[in-house]
Amino acid sequence: MKSVVDNPDSQIDTHDALPVVITSELRKVYRTGFWLNQKVISLKSCSLTVHKGETFGLLGPNGAGKTTLLKLLLGIIRPTSGKGLLLGEALGDRHVKRHIGYLSENPYLYEYLTGWEFLQLAAGLFEIPQSIQRQRIPQLLELVGLSIADARKKPLRRYSKGMLQRVGMAQALINDPELVFLDEPMSGLDPVGRYQMREIILSLKAAGKTIFFNSHILSEVEQICDRIAILAQGELICSGSLNQLLGKNDTYYVKGQGGDWEVLQKWIPSLIYQPDGSWQGTLQDDYYDFLASLRLMGGQIIAINLSRYSLEEFFIQQIQMRKT
């Protein structure tokens, strides 16, 4: 399957309809070795855009450069070359950080604090008034599925992995951010925890938040994301909507017998006749109209299957293509 790759201009456009995230030829090189004379390219000329209100999934195998890209966007590290904008400002702008939320893959939380105290601490860093904190903290605890009693009384060292992820998500939302970055938000969670985290992300999406996250759990990404990008060996190899990359949901592979050859070819341009008199091919038009037409021709369906790739199949295909 041919991949769809974003093709942004090399110069960053600053018109009014600016995307929430935009990068142009972003590159990061680390120096290693005793004399720092060895170069490791972690990210190669990455150009992508993320639009307001969409959920964007960044995929790739371990060591692909996903966390490096997140750190560059958040201003934690600086690029070797290239540039980017976050909410219309240059990467690393301090004022932008008031409008973004971030959950790391393995968040470090002060284990001697309760969940409530930790959220108060996070709110204080954003200078959120206590009157607003008293309203927002209970709302966030309800959103992430933590009881107020546990949050007030239980220190974080007694929290499970799933509970810590929920507290981490709550702190990422404490400032009511426009843009939320999530680094492996499903990491270490059991099926119930993954379901709950997915529901939280979908609720943020419904509220109009822009979400940028990476994950190894491709089935979750397929259910959540509007668009995705795949990194491999530091290089952005493809990006686009799921329909662009995987094919539309109404693409079917059909097998049947009977009917009129010329009419069938109009419905199925790739039509192939088999020695046993049956035919097969890919149908991309309206499924129900085709069945009605086939019935009028006196033909019948033997088998029909949705031919769209799963995200997992597409991902494996893209990574294997890079290795060959």
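Further up the page is the structure itself.
Keep in mind that what you see is a predicted model, and the values were worked out from it rather than measured.

(A) Summary view of the overall build of the protein. From N to C terminus, the protein includes eleven helices and 14 strands. Considering the protein as a whole, with its 324 residues, one finds that 44% of them fall into the buried category. Sequence separation of 24 or more characterises 68% of the internal contacts of the protein that already satisfy a separation of 6 or more. Just so you have it, the protein exposes about 17100 Å², and 49% of that area is on carbon and sulfur atoms.

(B) Looking closely at the layout of surface pockets. In this structure, the largest pocket occupies an estimated 360 Å³ of space. Broken down by secondary-structure element, the contributors of at least two residues to the lining of the largest pocket are β6 (100–103), α2 (115–125) and α5 (161–172). When grouped by side-chain class, the residues that make up the lining of the largest pocket number nine nonpolar, three polar and three charged. By volume, the second largest pocket is sized at about 200 Å³. If you trace the second largest pocket, you find it lined by R136, Q139, L140, L143, L173, D176, P177, S203, L204, A207 and K209. Those elements that place two or more of their residues in the lining of the second largest pocket are α3 (130–144) and α6 (191–206). The class makeup of the residues in the lining of the second largest pocket is six nonpolar, two polar and three charged.

(C) Representation of the pattern of salt bridges within the structure. In this structure the tally under the stated criterion is five salt bridges. Note that K209 and D176 form a salt bridge whose closest N and O atoms lie 2.6 Å from each other. Separated by 33 residues along the polypeptide, K209 in the loop between α6 and β8 (210–214) and D176 in the loop between α5 and β7 (179–183) bring together distant segments of the chain. Note that E220 is salt-bridged to R198, the shortest N-O span being 2.8 Å. Here E220 is found in helix α7 (residues 218–224), whereas its partner R198 is found in helix α6, with 22 residues between them in sequence. Each member of the pair E220 and R198 is classed as buried.

(D) Region of the structure containing the packing of α2 against α5. Put simply, α2 and α5 touch, their axes get as near as 9 Å, and they point 25° apart. Taken together, the axis directions place α2 and α5 in an arrangement best described as roughly parallel. Crossing hand, α2 versus α5: right-handed. Residues F118, L119 and A122 of α2 touch α5, and the partners they reach there are V167, A170 and Q171. Grouping the constituent residues of the contact of α2 with α5 by class yields five nonpolar, one polar and no charged.

(E) The arrangement of α5 in detail. The terminal C-alpha atoms of α5 lie 17 Å apart, and with twelve residues this matches the ideal 16 Å at 1.5 Å per residue to within 8%. Counted residue by residue, α5 has ten buried out of twelve residues, so it is predominantly covered. For α5, the elements touching its buried residues are β6, α2, α3, α4 (148–153), β7 and α6.

(F) Just the nonpolar core, in detail. L59, M169, L182, I201, I228, I230 and L311 are the most contacted members of the largest nonpolar core, which has 51 residues in total. By size, the runner-up hydrophobic cluster in this structure holds 25 residues, among which are A64, I77, L179 and L231.

(G) Representation of the packing of aromatic side chains within the structure. A complete count under the given rule lists eight aromatic pairs for this structure. Ring plane angle 65° and centroid distance 5.6 Å describe the contact between W267 and F290, whose orientation is recorded as edge-to-face. Taken together, the residues span a long stretch of sequence, with W267 in helix α9 (residues 261–267) and F290 in helix α10 (residues 287–297) at a distance of 23 residues. As far as burial versus exposure is concerned, W267 and F290 are alike and both buried.

(H) Layout of the sheet that holds strand β13 (residues 278–283). Across the sheet, which stays open at both edges, the four strands sit in the order β12-β13-β11-β14 with antiparallel pairing between neighbours. Whereas interior strands pair on both sides, the edge strands pair on one side only; in this sheet they are β12 (272–273) and β14 (300–306). Both β12 and β13 contribute to a ladder of two bridges, which runs antiparallel. If you follow Y273 over to β13, its bridge partner there is W279. Where α10 meets the sheet, it contacts β11 (252–257), β13 and β14, and its direction lies at approximately 165° from that of β14.

(I) Layout of unusual backbone geometry. Within the chain, L87 stands out as a residue other than glycine whose phi angle is a positive 50°. Residue placement: L87 occurs in the loop between β4 (81–86) and β5 (89–90). Assessed through its relative accessible area of 25%, L87 is described here as partly exposed. In the Ramachandran plot, D176 falls in the positive-phi region, its phi being about 50° despite a non-glycine side chain.

How each quantity is defined
- Residues numbered from 1 in each chain as written.
- Predicted model: local features only at pLDDT ≥ 70, side-chain atom pairs only at ≥ 80, totals over all residues.
- Heavy atoms only, no water.
- Helix = DSSP H or I, 4+ residues; strand = E, 2+ residues; numbered from the N terminus.
- Buried < 20%, exposed > 50% of the residue type's maximum accessible area, 1.4 Å probe, protein only.
- Contact = heavy atoms within 4.5 Å.
- Areas by Shrake-Rupley, 256 points an atom, 1.4 Å probe, with all protein chains shown as cover.
- 1 Å grid on protein atoms, 1.4 Å probe; cavity = no way out; pocket = protein on both sides within 12 Å on 5 of 7 lines; lining within 4 Å.
- Points joined across faces, edges and corners; volume = space filled by probe spheres on them.
- Nonpolar A, V, L, I, M, F, W, Y, C, P; charged D, E, K, R; others polar.
- Salt bridge = Lys/Arg side-chain N within 4 Å of Asp/Glu carboxyl O.
- Axes fitted to C-alpha atoms, helices over the stretch in contact; angles between N-to-C directions.
- Parallel < 35°, antiparallel > 145°, perpendicular 65-115°, else oblique.
- Left-handed = near helix turned anticlockwise from the far one by under 90°.
- Expected span 1.5 Å × (residues − 1).
- Core = buried A, V, L, I, M, F, W, Y, C linked by side-chain atoms within 4.5 Å.
- Phe/Tyr/Trp six-rings, centres within 6.5 Å; stacked < 30°, edge-to-face > 60°.
- Pairing = 2+ DSSP bridges.

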